[in-house]
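# Overview (structure and organization)
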Amino acid sequence: MNHATMSNSLNRRQFLTTTLAATAILTTNVIGLTSMGLTSKVHAATPSSPAVPGLKLPAIPYEKDALSPYISANTMGFHYGKHHQAYIDKTNALIQNTAFANEPLEGIIQKTAGIQEHAAIFNSAAQAWNHEFYWKSMKPKGGGTPAGALSKKLDADFGSFEQFKKAFGDAAATQFGSGWAWLVMNKGTLEVVKTANADTPIAHGQVPILTIDVWEHAYYLDYQNRRTDYIAAFLDHLVNWDFAEKNFTGI
Ligand code: MN
């Protein structure tokens, strides 16, 4: 039991002892605690269990050093282990005891998009979703060119693969501040779009095919301010075109 857990338990015990002493309101308080889920929390609060049940950090489909040297294990440790985990934890904390508590991530995003009072939930949930999609958008020894139906559609909608690559790279490079660049399917046409901060195509009726995270935390440890070098490495060595093809043919 760590210090924080111990002091929490003691606080609860002191609180419960105080409550038990007030016999006149005992029944009301015990019912109140149970209905708020507080009594079950006392039993669940062990150091090995997550603070809040709910969404879990999804596994990434490769080892943390597998994208090296283009994305280092150090970056993966912070980006996946700390940032992505924090978005999951924050979402869980914010949806607890709300109407969103049992919603899948996509549902939370779609029901909170554009609603000011739910902006905090949207930001955490959308970032959780975007990151899972980003990890899958890459693979070791990726990059190169797509094959199959997606390749033909890229040629049809962008003129050539090279023109797609330039449009995607430009969008990623020119997203001012934090955000994302995406290849999406929008009403039957492949398009490159960029989104700011946590915003995500699934809140706008578009179908994501591929994404790159251009928040500084995605590249700063490896590339410092050289965002364009990171974008070039992503396109030439990391893109998982099999994943993109699957997203395209699954529409
Ligand atoms: Mn990120």
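In this report, we go over the structure that sits alongside the text. Keep in mind the model is a prediction, meaning the values are calculated, not measured.

### Remarks on the packing of helix α5 (residues 105-112) against helix α6 (residues 119-136)
- At a minimum axis separation of 9 Å, α5 and α6 run at an interaxial angle of 140 degrees. With respect to their mutual orientation, α5 and α6 come out oblique. In this structure, α5 crosses over α6, and the sense of that crossing is left-handed. The residues of α6 that touch α5, namely those facing L105, E106, I108, I109 and T112, are I121, F122, A125, A126, A128 and W129.
- Split into classes, the residues belonging to the contact of α5 with α6 amount to 9 nonpolar, 1 polar and 1 charged.

### With respect to unusual backbone geometry
- Of the consecutive residues S68 and P69, the connecting peptide bond is found in the cis state with omega at 10 degrees.
- When you line up the elements, P69 lands in the loop between α3 (38-44) and α4 (73-95).
- Positive phi, normally seen in glycine, also occurs at K187, with a value near 50 degrees.
- Along the chain, K187 falls in the loop between β1 (179-186) and β2 (189-196).
- A positive phi angle, close to 55 degrees, is found at N197, a residue other than glycine.
- On the secondary structure map, N197 appears in the loop between β2 and β3 (207-213).

Analysis parameters
Residues numbered from 1 in each chain as written. Predicted model: local features only at pLDDT ≥ 70, side-chain atom pairs only at ≥ 80, totals over all residues. Heavy atoms only, no water. Axes fitted to C-alpha atoms, helices over the stretch in contact; angles between N-to-C directions. Helix = DSSP H or I, 4+ residues; strand = E, 2+ residues; numbered from the N terminus. Parallel < 35°, antiparallel > 145°, perpendicular 65-115°, else oblique. Left-handed = near helix turned anticlockwise from the far one by under 90°. Contact = heavy atoms within 4.5 Å. Nonpolar A, V, L, I, M, F, W, Y, C, P; charged D, E, K, R; others polar.

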